[in-house]
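Structure at a glance
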Amino acid sequence: MATKMRYWLMKSEPEEFSIDTLARVGREPWSGVRNYQARNYMMKDMGVGDGVLFYHSNTAIPGIAGLAEVASAAYPDPTQFLKKSDYYDPASRPDEPRWWLVDVAFKRKLSRLIALDELRANADRLDDFLLLRRGSRLSVLPVTAAQWRTILSLEQA
DNA sequence: GCCAACGTTGGC
DNA sequence: GCCAACGTTGGC
(Lines give C-alpha, C1' and ligand atoms only; values in the text may rest on other atoms or scores of the structure.)
Protein backbone atom coordinates (compact mmCIF):
# COMPACT_ATOMS: atom_id res chain seq x y z
CA MET A 1 0.00 0.00 0.00
CA ALA A 2 1.41 3.33 -1.03
CA THR A 3 2.27 5.86 1.62
CA LYS A 4 0.28 9.03 1.37
CA MET A 5 1.94 11.73 -0.67
CA ARG A 6 3.00 14.82 1.21
CA TYR A 7 3.98 18.32 0.26
CA TRP A 8 6.91 20.49 1.27
CA LEU A 9 8.50 23.86 0.76
CA MET A 10 12.28 23.99 0.44
CA LYS A 11 14.26 27.22 0.47
CA SER A 12 17.34 27.97 -1.56
CA GLU A 13 19.25 31.14 -2.20
CA PRO A 14 19.09 31.52 -5.98
CA GLU A 15 22.62 32.89 -6.11
CA GLU A 16 23.73 29.58 -4.66
CA PHE A 17 21.28 27.21 -6.29
CA SER A 18 18.21 28.37 -8.23
CA ILE A 19 15.27 26.68 -9.94
CA ASP A 20 17.13 27.23 -13.22
CA THR A 21 20.13 25.35 -11.86
CA LEU A 22 17.87 22.50 -10.83
CA ALA A 23 16.27 22.54 -14.30
CA ARG A 24 19.72 22.18 -15.84
CA VAL A 25 21.04 19.41 -13.58
CA GLY A 26 17.69 17.64 -13.22
CA ARG A 27 18.35 16.29 -9.78
CA GLU A 28 20.34 17.42 -6.78
CA PRO A 29 21.23 16.22 -3.27
CA TRP A 30 19.74 18.82 -0.91
CA SER A 31 22.95 19.26 1.05
CA GLY A 32 23.80 21.78 3.71
CA VAL A 33 20.72 21.69 5.93
CA ARG A 34 22.05 22.17 9.47
CA ASN A 35 18.85 22.55 11.45
CA TYR A 36 17.44 19.57 13.32
CA GLN A 37 13.80 20.25 12.57
CA ALA A 38 14.46 20.61 8.85
CA ARG A 39 16.64 17.52 8.95
CA ASN A 40 13.94 15.53 10.70
CA TYR A 41 11.44 16.35 7.98
CA MET A 42 13.85 15.00 5.38
CA MET A 43 15.00 12.04 7.46
CA LYS A 44 11.70 10.87 8.89
CA ASP A 45 8.75 12.29 7.00
CA MET A 46 9.62 12.63 3.32
CA GLY A 47 8.86 9.99 0.75
CA VAL A 48 9.84 9.57 -2.88
CA GLY A 49 7.36 11.42 -5.06
CA ASP A 50 6.37 14.02 -2.47
CA GLY A 51 5.72 17.46 -3.96
CA VAL A 52 8.15 20.31 -3.33
CA LEU A 53 7.63 24.04 -3.68
CA PHE A 54 11.02 25.46 -4.64
CA TYR A 55 11.41 28.78 -2.82
CA HIS A 56 13.97 31.48 -3.58
CA SER A 57 15.14 33.12 -0.36
CA ASN A 58 17.50 35.97 0.47
CA THR A 59 17.02 37.63 -2.90
CA ALA A 60 15.43 40.81 -4.29
CA ILE A 61 11.99 39.26 -4.65
CA PRO A 62 11.71 36.14 -2.51
CA GLY A 63 9.02 33.67 -3.52
CA ILE A 64 8.07 30.31 -4.99
CA ALA A 65 9.85 29.79 -8.30
CA GLY A 66 9.06 26.22 -9.29
CA LEU A 67 8.02 22.70 -8.49
CA ALA A 68 10.19 19.73 -7.68
CA GLU A 69 9.75 16.35 -6.10
CA VAL A 70 11.49 14.20 -3.54
CA ALA A 71 13.59 11.76 -5.57
CA SER A 72 15.33 9.55 -3.02
CA ALA A 73 15.09 8.15 0.45
CA ALA A 74 17.07 10.02 3.11
CA TYR A 75 20.81 9.34 3.33
CA PRO A 76 23.72 11.00 5.16
CA ASP A 77 24.76 14.39 3.78
CA PRO A 78 28.30 13.75 2.47
CA THR A 79 29.32 17.40 2.91
CA GLN A 80 29.33 17.03 6.70
CA PHE A 81 32.50 14.92 6.37
CA LEU A 82 34.33 17.13 3.86
CA LYS A 83 36.82 19.32 5.67
CA LYS A 84 36.94 21.79 2.81
CA SER A 85 33.16 22.17 2.66
CA ASP A 86 31.30 25.11 4.13
CA TYR A 87 29.02 22.46 5.57
CA TYR A 88 31.74 20.45 7.30
CA ASP A 89 30.72 19.37 10.79
CA PRO A 90 33.68 18.12 12.83
CA ALA A 91 31.32 16.79 15.49
CA SER A 92 29.59 14.36 13.13
CA ARG A 93 30.95 10.83 12.91
CA PRO A 94 30.68 8.59 9.84
CA ASP A 95 29.37 5.72 11.96
CA GLU A 96 26.68 8.02 13.33
CA PRO A 97 25.97 10.80 10.82
CA ARG A 98 24.25 13.83 12.21
CA TRP A 99 22.93 15.37 8.98
CA TRP A 100 20.72 13.69 6.42
CA LEU A 101 19.29 14.79 3.09
CA VAL A 102 17.16 13.69 0.18
CA ASP A 103 17.65 14.14 -3.54
CA VAL A 104 15.29 16.61 -5.19
CA ALA A 105 14.27 16.34 -8.85
CA PHE A 106 13.10 19.14 -11.13
CA LYS A 107 9.44 19.15 -12.16
CA ARG A 108 8.79 22.55 -13.70
CA LYS A 109 9.40 26.24 -13.33
CA LEU A 110 6.30 28.25 -12.49
CA SER A 111 4.98 30.48 -15.28
CA ARG A 112 5.66 33.37 -12.92
CA LEU A 113 7.21 33.83 -9.50
CA ILE A 114 4.68 33.71 -6.69
CA ALA A 115 6.24 36.31 -4.43
CA LEU A 116 6.28 36.24 -0.65
CA ASP A 117 4.23 39.45 -0.74
CA GLU A 118 1.53 37.69 -2.77
CA LEU A 119 1.52 34.76 -0.37
CA ARG A 120 1.09 37.19 2.51
CA ALA A 121 -1.75 38.90 0.68
CA ASN A 122 -3.49 35.52 0.48
CA ALA A 123 -2.67 34.43 4.01
CA ASP A 124 -6.35 34.09 4.88
CA ARG A 125 -6.66 31.37 2.22
CA LEU A 126 -3.50 29.61 3.37
CA ASP A 127 -4.57 28.67 6.89
CA ASP A 128 -1.51 29.27 9.07
CA PHE A 129 1.09 28.63 6.39
CA LEU A 130 4.35 27.97 8.27
CA LEU A 131 6.33 30.11 5.85
CA LEU A 132 4.31 33.15 6.90
CA ARG A 133 4.73 32.71 10.63
CA ARG A 134 6.58 35.52 12.28
CA GLY A 135 10.24 34.75 12.65
CA SER A 136 9.98 31.52 10.66
CA ARG A 137 13.41 30.53 9.43
CA LEU A 138 12.97 26.87 8.68
CA SER A 139 14.48 26.00 5.31
CA VAL A 140 12.40 22.84 4.92
CA LEU A 141 8.79 22.94 6.01
CA PRO A 142 5.58 20.99 5.46
CA VAL A 143 2.76 22.25 3.23
CA THR A 144 -0.78 20.92 3.43
CA ALA A 145 -2.58 19.61 0.35
CA ALA A 146 -4.99 22.53 0.60
CA GLN A 147 -2.12 25.03 0.77
CA TRP A 148 -0.48 23.36 -2.21
CA ARG A 149 -3.68 23.68 -4.27
CA THR A 150 -4.23 27.30 -3.25
CA ILE A 151 -0.68 28.27 -4.14
CA LEU A 152 -0.88 26.62 -7.54
CA SER A 153 -4.20 28.36 -8.20
CA LEU A 154 -2.43 31.67 -7.57
CA GLU A 155 -0.14 30.88 -10.49
CA GLN A 156 -3.12 31.22 -12.85
CA ALA A 157 -4.38 34.44 -11.30
C1' DG B 1 19.23 23.18 33.84
C1' DC B 2 19.70 28.18 33.27
C1' DC B 3 20.78 31.79 30.44
C1' DA B 4 24.07 35.18 28.32
C1' DA B 5 26.79 35.36 24.38
C1' DC B 6 27.26 34.34 19.92
C1' DG B 7 26.19 32.92 15.10
C1' DT B 8 22.82 32.46 11.38
C1' DT B 9 18.72 33.34 8.63
C1' DG B 10 16.46 36.04 5.64
C1' DG B 11 13.37 40.10 4.81
C1' DC B 12 13.92 44.71 4.04
C1' DG C 1 24.21 46.56 5.20
C1' DC C 2 20.91 46.40 9.04
C1' DC C 3 18.76 43.92 12.40
C1' DA C 4 14.83 41.03 14.50
C1' DA C 5 14.13 36.49 15.45
C1' DC C 6 15.73 32.33 16.51
C1' DG C 7 19.00 28.27 17.41
C1' DT C 8 23.22 26.71 19.54
C1' DT C 9 26.99 26.80 22.72
C1' DG C 10 29.21 26.71 26.93
C1' DG C 11 30.16 28.52 31.68
C1' DC C 12 28.32 27.98 35.92
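The structure displayed is predicted, hence computed values, not measured ones.

**Here we look at the nonpolar core**
- Formed by 40 residues in total, the largest nonpolar core has its most connected members in Leu9, Met42, Ile64, Leu119, Phe129 and Val140.
- For this core, the leading source of residues is strand S4 (residues 63-70), giving five residues.
- Not counting the four nearest positions on each side in its chain, Ile64 is found in contact with Leu9, Leu53, Phe54, Tyr55, Leu110, Arg112, Leu113, Ile114, Leu119 and Ile151.

**Digging into the sheet that holds strand S1 (residues 7-12)**
- Judged by pairing direction, the sheet is mixed, and its six strands sit side by side in the order S2-S7-S4-S3-S1-S8 without closing on themselves. Lying at the two open borders of the sheet, with one neighbouring strand each, are strand S2 (27-29) and strand S8 (140-143). Taking each pair of neighbouring strands and ignoring which way they run, the sheet shows an average axis angle of 35°.
- Summarising the sheet, S4 and strand S7 (residues 103-115) pair through seven bridges and their orientation is antiparallel. Of the residues in S7, the one forming a bridge with Ala68 is Phe106.
- Where helix H4 (residues 145-156) meets the sheet, it contacts S1, strand S3 (51-56), S4, S7 and S8, and its direction lies at approximately 50° from that of S7.

**Structural notes on the protein's contact with DNA strand C**
- Surveying the vicinity of DNA strand C reveals the residues Tyr36, Arg134, Gly135 and Arg137.
- Counting only atoms of DNA strand C within 4 Å of the protein, the sugar-phosphate share comes to 70%.
- Between Arg134 and DNA strand C, the recorded distance is 2.3 Å, taken from a side-chain N or O atom to a phosphate oxygen.
- Contact distances for DNA strand C include 2.6 Å between a base oxygen and a side-chain N or O atom of Arg137.
- Split by residue class, the surface near DNA strand C holds one nonpolar, one polar and two charged.

**Points about the protein's contact with DNA strand B**
- What surrounds DNA strand B is the set Lys11, Tyr55, Ser57, Asn58, Pro62, Leu116, Arg120, Arg137 and Leu138.
- When the atoms of DNA strand B within 4 Å of the protein are grouped by moiety, sugar and phosphate amount to 75% of the total.
- Measuring from a phosphate oxygen of DNA strand B, one finds a backbone N or O atom of Arg137 at 2.7 Å.
- Classifying every residue of the surface near DNA strand B gives four nonpolar, two polar and three charged.

Parameters and conventions
- Residues numbered from 1 in each chain as written.
- Chains lettered and ligands numbered in written order.
- Predicted model: local features only at pLDDT ≥ 70, side-chain atom pairs only at ≥ 80, totals over all residues.
- Heavy atoms only, no water.
- Core = buried A, V, L, I, M, F, W, Y, C linked by side-chain atoms within 4.5 Å.
- Buried < 20%, exposed > 50% of the residue type's maximum accessible area, 1.4 Å probe, protein only.
- Helix = DSSP H or I, 4+ residues; strand = E, 2+ residues; numbered from the N terminus.
- Contact = heavy atoms within 4.5 Å.
- Pairing = 2+ DSSP bridges.
- Axes fitted to C-alpha atoms, helices over the stretch in contact; angles between N-to-C directions.
- Near = heavy atom within 4 Å.
- Polar contact = N/O pair within 3.5 Å; in protein donor to acceptor, adjacent residues only side chain to side chain.
- Nonpolar A, V, L, I, M, F, W, Y, C, P; charged D, E, K, R; others polar.

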